[in-house]
Amino acid sequence: MQYSYLTVVALPFLLYSCGGNEATRAEDMPTPEEVMTSAGEPMIEGNGEWTDLMEGDIADNWHTYGEDAPGAAWKVDDEGALYLDTSNKGEHGVVGGGDLVTNESYANYELELDWKIGECGNSGLIYNVIEHDTLPYPWLSGPEMQILDNSCHPDAKIVTHRAGDLYDMITGEPENVKPAGEWNSIRLVVKDGYVEHWQNGERIVTYTGKGEPWKAMIADSKFKDYPTFGSSTSGKISLQDHGDPVWFRNIRIRELSSK
């Protein structure tokens, strides 16, 4: 993901002051003791019914951010995968594209999906998104789990911009992304501010997205000038249009409970 910055009038009730001069590493973030286990043994799991976010038409679950319906460039292929058709590009990006967001907002959930990216491509999974007319893009409020071809996209040269990373903030370890054109599986856990990024069966990022360490991390990132960024521990989920071909399948979500 790359961003062009602009001045945004933020929602007054979401404002906060970001402090701190040094990035806080993942191991320094406050993490609930009960969920600190090995990468292959999740301790936070949902126990309710899964909601299939691919069921029915795209518009049944998704719309383009700031619009009433999904853009025409978001399509479903013959195998049932949701994809961004980038064949028609205009002056300002993919015609009929734009970032998709869920119709519903979510708190305390686990999300699963598979993704694959075109060669040297870039996209992202953005979450805890606040959709409001003063915020023209999802990334102005929601953190991002990066989607990237690590082999040749320029962002892969930056250690917090690789596939699975908390974009521009925490490096995912291990680096286990598959090559462009191959499917990767994601599990995203969000519970009362605590977040886990899972990629291809391994937990690669953990952090708590509230409190002073979180504010310090934001202050040392490119999001430091955007007071709504990371301000919510719940919200909508977004699939990013970065202008590159990207596919998603098996998108589902359910409420969480601790074991």
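Every value quoted in this text rests on a predicted model; they were computed, and no experiment measured them.

> I'm lost on the pattern of salt bridges in this one. Help?
Where charged atoms of side chains with opposite charge meet at close range, the side chains can pair. Using the criterion set out here, one finds ten salt bridges in the structure. Glu112 serves as the salt-bridge partner of Arg252, at 3.0 Å between the closest nitrogen and oxygen. Placement of the pair is Arg252 in strand β16 (residues 246-258) and Glu112 in strand β9 (residues 109-117), with a sequence separation of 140 residues. Relative accessible area serves as the criterion here: at 33%, Arg252 is assigned to the partly exposed category. The partner of Lys236 in a salt bridge is Glu131, with the nearest N and O atoms 2.7 Å apart. Here Lys236, found in strand β15 (residues 236-239), pairs with Glu131, found in the loop between β10 (122-129) and β11 (144-148); they are 105 residues apart in sequence, far enough to count as distant. Residue classification places Glu131 among the partly exposed positions, given a relative accessible area of 24%. Here the residues in one salt-bridge network are Glu110, Arg187, Glu196, Arg203 and Arg254, joined through shared partners.

> When you look at the sheet that holds strand β3 (residues 62-64) in this model, what are you seeing that I'm missing?
Strand pairs in the sheet, formed through backbone hydrogen bonds, run parallel or antiparallel to each other. One open sheet holds the five strands; their spatial order is β3-β8-β15-β10-β11, and the pairing between them is antiparallel. The sheet is open, and its two borders are formed by β3 and β11, each paired with just one other strand. Each neighbouring strand pair of the sheet contributes to a mean axis angle of 20°, computed without reference to strand direction. Pairing of β10 with β15, which is carried by three bridges, proceeds in the antiparallel orientation. Its bridge partner being in β15, Leu125 is matched across the sheet by Leu239.

> Is there a simple way to explain the packing of aromatic side chains in this structure?
We describe a pair of aromatic rings using the distance from one ring centre to the other and the angle between the two ring planes. This structure, assessed with the given rule, holds eight aromatic pairs. The rings of Tyr167, Tyr207, Trp214, Phe223 and Phe229 are connected pair by pair, giving a single aromatic cluster. In this structure, Arg252 packs its charged tip against the face of Trp50, placed 3.8 Å from the ring centre.

> I would appreciate a short explanation of the environment of Val129 in the present structure.
Turning to its location among the elements, Val129 is positioned in strand β10. The exposure class assigned to Val129 is buried, which follows from its relative accessible area of 2%. In the structure, Val129 is positioned eleven residues away from Leu140 in sequence and 8.2 Å away in space, judged by C-alpha atoms. When near neighbours in sequence (up to four residues on either side) are disregarded, Val129 contacts Tyr65, Pro138, Ser141, Gly142, Ser234, Gly235, Lys236 and Ser238.

> Where do I start with the state of the cysteines in this structure?
As used in these notes, a disulfide is a covalent bond between sulfur atoms, one from each of two cysteines. A complete count under the given rule lists one disulfide for this structure. Covalently, Cys120 is tied to Cys152 through a disulfide, its sulfur atoms 2.0 Å apart. In this structure, the disulfide formed by Cys120 and Cys152 twists by about -120° around the S-S bond and is classed as left-handed. With Cys120 in the loop between β9 and β10 and Cys152 in the loop between β11 and β12 (184-191), this residue pair connects regions lying 32 residues apart in the sequence. With a relative accessible area of 31%, Cys120 lands in the partly exposed category. Note on Cys152: relative accessible area 34%, which makes it partly exposed.

What counts as what
- Residues numbered from 1 in each chain as written.
- Predicted model: local features only at pLDDT ≥ 70, side-chain atom pairs only at ≥ 80, totals over all residues.
- Heavy atoms only, no water.
- Salt bridge = Lys/Arg side-chain N within 4 Å of Asp/Glu carboxyl O.
- Helix = DSSP H or I, 4+ residues; strand = E, 2+ residues; numbered from the N terminus.
- Buried < 20%, exposed > 50% of the residue type's maximum accessible area, 1.4 Å probe, protein only.
- Pairing = 2+ DSSP bridges.
- Axes fitted to C-alpha atoms, helices over the stretch in contact; angles between N-to-C directions.
- Phe/Tyr/Trp six-rings, centres within 6.5 Å; stacked < 30°, edge-to-face > 60°.
- Lys NZ or Arg CZ within 6 Å of the ring centre and 35° of its normal.
- Contact = heavy atoms within 4.5 Å.
- Disulfide = S-S within 2.5 Å.

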